[in-house]
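What the coordinates show
Each chain, written out:
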Amino acid sequence: MYRVIVVPCMASLIKKKKANTIYYYVVESARVNGKPRIVHQTYLGTANSVARLVQDRTAPVPLSATTVEFGLPGALWLAAEKSGVFALLQSLWPKPRSGPSTAHYLLLAAIHRICQPGPKTEVADWYQDSILSSLWGFAPERFSSQAFWDCFDRIATGESLPSDKRDELEEAQLRLLGLWKEKQLVTRRLLAYDTTNFYTYIASNNERNSLAQRGRNKQGRHNLRQVGLSYVLDGDNGLSLCHHLYRGNVADAEEFPDALHRIVTLLERNQIAPETVTLVLDKGSAALANTLELEQAGVGWISALPWTQAPAEFRSSQKLTLLSSQEPGVSAAAETMLVHGKEYRCVLKYSAPFASEQLHSLTTSLSKAMQSMRRLARELATSPASFTEPGLRNKIERWLAPQFVDELVSYTLEQRDGRWHLQFDFDYQALDRLMKQRLGRTVLISNRFDWTPEQIITAYSGQQHIEQVFRGLKDGDWLGWGPMYHWTDQKIRVHAFYCMLGISLLQYVRRQAEPAWPGLSIEQLLDQLRQIQKYNLLYPPQGEKGPNRLATVLSKQSLIQQALTKVLGLDQLCSTQRG
């Protein structure tokens, strides 16, 4: 028979001093062979460590936790407030006795289009879960779809206004340009100009709309009505300085004189002399009629010249000079030449990176075309002549349609013995000419005779910024222009205004963030700011009675997010509450 002997143990707290620091331990003692001994020891740390352990064991568990969209809407709101945009919008429209003002509706529409593009029926729910709800203090119900409609319907804008009625959105654009000038965000040197169009789902029988018309849609949706948009950006800071909506069936080159007149008017009304600025245009705007308009307007300008309009000996010139390290892989030549009946400064630019991109695209298109032609040739060799010659040639021409492909591939199509026979070949000499005289080359034209070739090339590179804006608008990466849930000209003009306003606010945030993290792209900035969230933690009351307690905390941040939070002022905004 066995006996169980229970050895009593006692736990106690002891301290040990090591190098002038006191450490605490929990020890368990027991009698071993009749003598007291420590049988188990647990290290606790210093007195502060022990206090934290006690606090953690007694800390209350939150009753609930909610996520608040913080980083991106907070940064955009601070940009509107610090830049003076919000105060300017408030000064343009009278404030109501209570509730949101027109400035609130326009700004919220712009911020929502950047953060979570969608119809106005979704704005109230998004607003409730964003930092704007606690900052502005308005109930989400005040931002219903009907409330937006009623507010925007009161904004006077459009071509049908009485002569004694001012266009309020035109006035807003004028005042915003003055604001950016006052903030020294308009360089007066470079203004990037471009045009695009956006398709809509407006019905064909909708007679309340004249802006949306069918035309050549740049997204391939030719079956839908579309609106055109011309747009001017500051070349250095990317801010929206002027935009203009026009009918979707009007060609970009035809719209240019009207857009140019508006640009010059806005500049002059803000005391910016036209001759001090340089418009950067794409090659579609360099038509003869438009160069005459530019000369009459008195502005400086730079444009790409359509390849076939430049003299052949100049296009194929091999006397190119390598530019500085500011334009890596780029060489150029410049001459004063007669174009459109007048002398201009012409610059031939060769870019090695651009040439490699074109070559990659060309080889991909060439491979697809030749594979398709090979399959067709085999099919024709084993099938009766049931194909028609126009049908075959149309099919082949589609395969050879990508740029330069038809210059490199030659083919013959003939009918023999009741069958069609297709043969094709690759022209290596044409490829050699293409490599030496065409790929990577662009001809630029300007009336800035005192500028160096590198200055003209660098200025034209600013056109890439506005093209990025258009891609961001269409793809929804920066700001979602579509879907556009408006069916009247007046609402479409308001829609365009707050979309362009959102672009300016986003570019303003990017400019502020540049010192904290140089080289940060718009896409990266948006991604990082979206990850900065705020959490509201609801705790039970501290005693038996009283209200529940609310604590706020920001999400764990990376190094780049910490830098953005500090430089944009989001750390100060975290604890701000307004009624």
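Refer to the structure printed above.
The rules behind these values
Residues numbered from 1 in each chain as written. Predicted model: local features only at pLDDT ≥ 70, side-chain atom pairs only at ≥ 80, totals over all residues. Heavy atoms only, no water. 1 Å grid on protein atoms, 1.4 Å probe; cavity = no way out; pocket = protein on both sides within 12 Å on 5 of 7 lines; lining within 4 Å. Points joined across faces, edges and corners; volume = space filled by probe spheres on them. Helix = DSSP H or I, 4+ residues; strand = E, 2+ residues; numbered from the N terminus. Nonpolar A, V, L, I, M, F, W, Y, C, P; charged D, E, K, R; others polar. Pairing = 2+ DSSP bridges. Contact = heavy atoms within 4.5 Å. Axes fitted to C-alpha atoms, helices over the stretch in contact; angles between N-to-C directions. Phe/Tyr/Trp six-rings, centres within 6.5 Å; stacked < 30°, edge-to-face > 60°. Buried < 20%, exposed > 50% of the residue type's maximum accessible area, 1.4 Å probe, protein only. Lys NZ or Arg CZ within 6 Å of the ring centre and 35° of its normal. Core = buried A, V, L, I, M, F, W, Y, C linked by side-chain atoms within 4.5 Å. Patch = residues over 30% accessible without salt bridge, like charges linked within 9 Å, V, L, I, M, F, W, Y side chains within 5 Å. Areas by Shrake-Rupley, 256 points an atom, 1.4 Å probe, with all protein chains shown as cover. Salt bridge = Lys/Arg side-chain N within 4 Å of Asp/Glu carboxyl O. Lys, Arg positive; Asp, Glu negative; His and termini not counted. Charge placed at Lys NZ, Arg CZ, Asp CG, Glu CD.

This next bit is on the layout of surface pockets. Estimated volume of the largest pocket: approximately 1,000 Å³. Broken down by secondary-structure element, the contributors of at least two residues to the lining of the largest pocket are strand S12 (342-351), helix H12 (352-382), strand S15 (441-446), helix H16 (453-461) and helix H17 (463-475). Sort the elements by how many residues they give to the lining of the largest pocket and H17 lands first, with five residues. A per-class count over the lining of the largest pocket returns 11 nonpolar, 13 polar and eight charged. Counted as a void, the second largest pocket has a volume near 380 Å³. Taken together, 19 residues make up the lining of the second largest pocket; nearest its centre are Asp167, Glu170, Gln173, His244 and Arg262. Of all the secondary-structure elements, those providing two or more residues to the lining of the second largest pocket are helix H8 (168-182), strand S7 (240-247) and helix H9 (252-269). Counting residues per element, the lining of the second largest pocket draws most heavily on H9, which supplies six residues.

So, on to the sheet that holds strand S8 (residues 278-281). As summarised here, the arrangement of the nine strands in space is S7-S6-S5-S8-S9-S15-S12-S11-S10, forming an open sheet in which the pairing is mixed. Since the sheet does not close on itself, it has two edges, and those belong to S7 and strand S10 (321-322), each with one partner. Two elements, S12 and S15, share six bridges in a ladder whose sense is antiparallel. Residue pairing across strands places Val347 opposite Leu444, the latter belonging to S15. Across the sheet, H17 is in contact with strand S5 (190-199), strand S6 (226-234) and S8; its angle to S5 comes to roughly 25 degrees.

Right, let's talk about the packing of aromatic side chains for a bit. Using the criterion set out here, one finds 17 aromatic pairs in the structure. Relative to Phe143, the ring of Phe138 lies with its centre 6.3 Å away and its plane at 70 degrees, an arrangement referred to as edge-to-face. Since its relative accessible area comes to 0%, Phe143 is described here as buried. Taking the centre distance of 4.3 Å and the plane angle of 10 degrees together, the rings of Phe198 and Trp481 count as stacked. With Phe198 in strand S5 and Trp481 in the loop between H17 and helix H18 (489-513), the pair connects residues that are 283 residues apart, well separated along the chain. Of the two residues examined, Phe198 and Trp481, each falls in the buried class. Feature note: the residues Trp77, Phe86, Tyr105, Tyr127, Trp136, Phe138, Phe143, Phe148, Phe152 and Tyr498 constitute an aromatic cluster, connected by ring pairs. Seen from the ring of Phe148, Lys120 lies directly overhead, with NZ or CZ sitting 5.8 Å from the centre.

Time to look at the nonpolar core. Ranked by size, the top nonpolar core spans 123 residues in total, and within it Trp136, Phe152, Trp481 and Leu529 carry the most contacts. Counting residues per element, this core draws most heavily on H18, at 14 residues.

Here we come to the sheet that holds strand S16 (residues 533-539). Hydrogen bonds between backbone atoms are what pair the strands of a sheet, whose relative direction is either parallel or antiparallel. As summarised here, the arrangement of the three strands in space is S4-S16-S17, forming an open sheet in which the pairing is antiparallel. Bordering the open sheet on either side are strand S4 (64-69) and strand S17 (549-554), each of which pairs with just one other strand. With strand direction ignored, the average angle separating the axes of adjacent strands in the sheet is 25 degrees. Of the strand pairs in this sheet, S4 and S16 are connected by six bridges, and their pairing is antiparallel. Directly across from Ala65, in S16, lies its bridge partner Leu537.

What follows covers a negative patch on the surface. A surface patch of negative charge is lined by Glu69, Glu122, Asp125 and Asp129. The topology assignment puts Glu122 in the loop between helix H4 (102-115) and helix H5 (123-128). For Glu122, a relative accessible area of 35% puts it in the partly exposed group.

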